[in-house]
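The chain contents come next:
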Amino acid sequence: MNLIGRFTVFLILTFSGINLVSADMADSHQLSEFAFVKEFSGKSAEYVREALGEPEQVSVRENASGRVEFLVYKDLVKIGNSSNRYKYTQIGIINGYVETIGNTNRAP
């Protein structure tokens, strides 16, 4: 499927209320900040990895809340409505579920 076709499918899914992000869409970098947060907030670590693939970097810590895992992906999320992308997206997973999502251009 070409880029225009992927973007069209993304728009249809986004505006129809269907929450589906495939690895193919993630690879084509069609995720805006809002769509990314909406899609992945509260989801399981397995869901994130299935949709986005393996992260560039993983760090794990244990604290009073339990197991905290940070998954770092590169060049995944678009900045606002521009064609520019954040260099890094960090997804914080606590006890198996997404609790935080952050985008930055500074190395985590």
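Structure: above.
Quick caveat: nothing in here was measured; it's all calculated off a predicted structure. (Residues numbered from 1 in each chain as written. Predicted model: local features only at pLDDT ≥ 70, side-chain atom pairs only at ≥ 80, totals over all residues. Heavy atoms only, no water.)

Each helix and strand counted, the protein has four helices and six strands in total. Within the span of the protein, comprising 108 residues, buried residues form 32% of the whole. A sequence separation of at least 24 residues applies to 38% of the contacts in the protein between residues at least 6 apart. Of the roughly 6500 Å² of accessible surface on the protein, a fraction of 53% belongs to carbon and sulfur atoms. (Helix = DSSP H or I, 4+ residues; strand = E, 2+ residues; numbered from the N terminus. Buried < 20%, exposed > 50% of the residue type's maximum accessible area, 1.4 Å probe, protein only. Contact = heavy atoms within 4.5 Å. Areas by Shrake-Rupley, 256 points an atom, 1.4 Å probe, with all protein chains shown as cover.)

Our focus in this paragraph is the side chain of Glu69. Looking at where Glu69 falls in the secondary structure, it is placed in strand 3 (residues 66–74). Exposure remark for Glu69: the relative accessible area of 10% places this residue in the buried category. At 3.3 Å, the side chain of Glu69 and the side chain of Arg49 are in polar contact. (Polar contact = N/O pair within 3.5 Å; in protein donor to acceptor, adjacent residues only side chain to side chain.)

Here we come to helix 4 (residues 45–52). Among all positions of helix 4, only Ala45, Val48, Ala51 and Leu52 are buried. Looking straight down helix 4, one finds its buried side chains confined to an arc of 135°; they lie on one side. In helix 4, those exposed residues whose orientation departs by more than 90 degrees from the buried face are Glu46 and Glu50. Directly beyond the C-terminal end of helix 4, a positive phi value near 85° is found at Gly53. (Arc of directions from axis to C-beta.)

Next up on the list: the sheet that holds strand 2 (residues 57–63). Read across the open sheet, the four strands follow the order 2-3-5-6; overall the sheet is antiparallel. Here the strands that pair on one side only, and so sit at the sheet edges, are strand 2 and strand 6 (97–104). Within this sheet the neighbouring strands show an average axis-to-axis angle of 20°, counted without direction. Of the pairings in the sheet, the one linking strand 2 to strand 3 comprises seven bridges and is antiparallel in character. In the sheet register, Val60 faces strand 3, and the bridge partner there is Glu69. Sitting on the sheet, helix 4 touches strand 2, strand 3, strand 5 (88–94) and strand 6, and the angle it makes with strand 3 is about 15°. (Pairing = 2+ DSSP bridges. Axes fitted to C-alpha atoms, helices over the stretch in contact; angles between N-to-C directions.)

Now for the packing of helix 3 (residues 33–40) against helix 4. One can describe the packing of helix 3 onto helix 4 by two numbers: an axis separation of 11 Å at closest approach and a directional angle of 135°. Between helix 3 and helix 4, the crossing angle belongs to the class labelled oblique. From helix 3, Phe36, Glu39 and Phe40 reach across to helix 4, where they touch Tyr47, Val48, Ala51 and Leu52. Classifying every residue of the contact of helix 3 with helix 4 gives six nonpolar, no polar and one charged. (Parallel < 35°, antiparallel > 145°, perpendicular 65-115°, else oblique. Nonpolar A, V, L, I, M, F, W, Y, C, P; charged D, E, K, R; others polar.)

A few words now on the pairing of strand 6. Examined bridge by bridge, strand 5 and strand 6 share seven bridges and lie antiparallel to one another. Directly across from Thr89, in strand 6, lies its bridge partner Asn103. The hairpin formed by strand 5 and strand 6 contains two residues between the paired strands, and Asn95 there has a positive phi angle of roughly 50°.

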